[in-house]
Amino acid sequence: MPRPAAFLDRDGVLIHDCGYPHRPDQLQMVEGAAAAVKRLSDAGYVIVLVTNQSGIARGYFDENTMHAFHDLMQAELAKGGAKLDAIYFCPFHKVAVEACYEHPDHPDRKPNPGMLLRAAKDHDLDLSNASLMIGDNVSDMQAAANAGVRGYHFHGGNLDEFVASILANG
């Protein structure tokens, strides 16, 4: 039976966006991030990170560095009893130093819904009224709409308070 998903953007939602964060010293969790992820998980959501990572295409860091950064982020979330069930990333961009990452409008790059649609297929997720997306950019809201998912624009502050408000208001 399909399950609801909570799709979360990374930079500006789970962690502070310092401009292409990828080093351990750049990992600064947003206030309430672990509690928010745990709250969503406890409410029955499959937690899926969906993140554009054009820093890879631009040559700022490689995929292995990003994976190590995500492992560190998962360890920080675990300290609060939370975890991401899946991570989807889009390394493609129209400006790329390596041809393999160059793409004018990749289906996975938000605002396109590719990452959400792939996650739904891979994890048997219900993209109807049950699922939601939390992002900090217009492209996140567009990706949510393009996938048929309710989008919630996070403007900063305590993520757990924001999530509690969403769940309380259904």
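Each remark here, short or long, concerns the structure printed above.
Everything numeric here is computed off the predicted structure, so don't read it as measured data. Note on numbering: residues in each chain are counted from 1, in written sequence order. Per-residue local features of the predicted model are confined to residues with pLDDT of at least 70, and side-chain atom pairs are confined, for both listing and counting, to 80 or more; whole-chain, interface and lining totals are unaffected and use all residues. Water and hydrogen atoms play no part in the side-chain values, which are based on all heavy atoms of the structure.

> I keep staring at the nonpolar core and nothing clicks. Help me out?
Within soluble globular proteins, side chains that are nonpolar tend to cluster in buried spots. Take the buried Ala, Val, Leu, Ile, Met, Phe, Trp, Tyr and Cys residues and link them wherever side-chain atoms come within 4.5 Å; each set so joined is a nonpolar core. Each residue is placed in one exposure class: buried if its accessible area under a 1.4 Å probe, protein chains only, is under 20% of its type's maximum, exposed if it is over 50%, and partly exposed if it falls in between. Residues Leu14, Ile47, Ile134 and Leu159 are the most contacted members of the largest nonpolar core, which totals 26 residues. Think of it this way: any DSSP run of H or I at least four residues long counts as a helix, any run of E at least two long counts as a strand, and we number them from the N terminus. Of all elements in the fold, only β1 (3-8), α1 (33-42), β2 (46-52), α3 (63-79), β5 (132-135) and α6 (159-169) reach the threshold of two or more residues within this core. In terms of residues, this core owes the most to one element, α1, which gives five residues. Core analysis: the second largest hydrophobic core is formed by 19 residues, Ala5, Val48, Leu116 and Leu125 among them.

> What is the right way to look at the pattern of salt bridges in this model?
Charged atoms that come close allow side chains of opposite charge to pair. Every case where a carboxyl oxygen of Asp or Glu lies within 4 Å of a side-chain nitrogen of Lys or Arg is listed as a salt bridge. For the structure shown, the criterion picks out nine salt bridges. Of the charged contacts in the structure, one is a salt bridge between Arg23 and Asp25, with a shortest N-O distance of 3.0 Å. In this structure Asp25 comes out as exposed when scored by relative accessible area, which is 54%. Between Asp42 and Lys38 there is a salt bridge, with its nearest N and O atoms 2.8 Å apart.

> Where do I start with the pairing of β5 in this structure?
Working note: regular strand, side chains alternate between the two faces of the sheet. Burial of the side chains of β5 extends over both faces: Leu132 and Ile134 are buried on one face and Met133 and Gly135 on the other. Strand pairing requires that DSSP identify at least two bridges connecting the strands. Pairing of β1 with β5, which is carried by three bridges, proceeds in the parallel orientation. Bridging from a neighbouring strand, Leu8 pairs with Ile134 of β5. Summarising the sheet, β5 and strand β6 (residues 150-153) pair through four bridges and their orientation is parallel. Looking at β6, one finds that Ile134 is bridged to Tyr152. If you view a crossover with the strands going away from you and the path from the first strand over the helix to the second runs clockwise, you call it right-handed. The parallel pair β5 and β6 is bridged by helix α5 (residues 138-147), and the resulting crossover is right-handed.

> I would appreciate a short explanation of the packing of aromatic side chains in the present structure.
Each pair of aromatic rings is reported with the distance of its centres and the angle of its planes. Geometry of aromatic contacts follows a simple scheme: Phe, Tyr and Trp rings, the Trp one being its six-membered ring, pair when their centres are within 6.5 Å, and the pair is stacked under 30 degrees between planes, edge-to-face over 60, tilted otherwise. With the rule as written, the count across this model stands at three aromatic pairs. Seen in terms of ring centroids, Tyr20 and Tyr60 are 4.7 Å apart; in terms of plane orientation they differ by 70 degrees. Their pairing is edge-to-face. With Tyr20 in the loop between β1 and α1 and Tyr60 in the loop between α2 (54-57) and α3, the pair connects residues that are 40 residues apart, well separated along the chain. By relative accessible area, which is 33% here, Tyr20 ends up partly exposed. Tyr60 sits in the partly exposed class, given a relative accessible area of 44%. For the ring pair Phe92 and Tyr101, a centre distance of 6.1 Å and an interplane angle of 50 degrees mean the geometry is tilted.

> Sorry if this is basic, but what is going on with the layout of surface pockets here?
Rolled over the atoms, a probe as big as a water molecule pinpoints where empty space is left. Using only the protein atoms, space was sampled on a 1 Å grid; points where a 1.4 Å probe fits but cannot get out form cavities, open sets with protein on both sides within 12 Å along at least five of seven lines form pockets, and lining residues are those with an atom within 4 Å of a point. Grid points are joined across faces, edges and corners, and a volume is the space filled by probe spheres set on the points. Roughly 280 Å³ of volume is contained in the largest pocket. Lining the largest pocket are 17 residues, and of these Asp11, Asp17, Asn52, Ser54 and Asn137 lie nearest its centre. Asp, Glu, Lys and Arg are counted as charged, while Ala, Val, Leu, Ile, Met, Phe, Trp, Tyr, Cys and Pro are counted as nonpolar; the rest, among them Gly, fall into the polar class. When grouped by side-chain class, the residues that make up the lining of the largest pocket number two nonpolar, eight polar and seven charged.

> Would you mind showing me how to read the side chain of Asp11 here?
Counting through the fold element by element, Asp11 comes out in the loop between β1 and α1. Between N or O atoms, a polar contact is any pair within 3.5 Å; within protein, one atom must be a potential hydrogen donor and the other a potential acceptor, and residues adjacent in sequence are included only when both atoms are from side chains. A polar side-chain atom of Asp11 sits 2.5 Å from a polar atom in the side chain of Arg10. Contact definition: two residues touch when any of their heavy atoms are within 4.5 Å. Beyond its immediate stretch of four places on either side in the chain, Asp11 contacts Asp17, Pro21, Gln53 and Asp136.

> Is there a simple way to think about the environment of Leu84 in this case?
Residue placement: Leu84 occurs in the loop between α3 and β3 (86-90). Taking the C-alpha atoms as reference, Leu84 lies 8.9 Å from Ser41; in sequence the two are 43 residues apart. With sequence-adjacent residues up to four places away left out, Leu84 is seen in contact with Leu14, Ile47, Leu49, Met73, Gln74 and Leu77.

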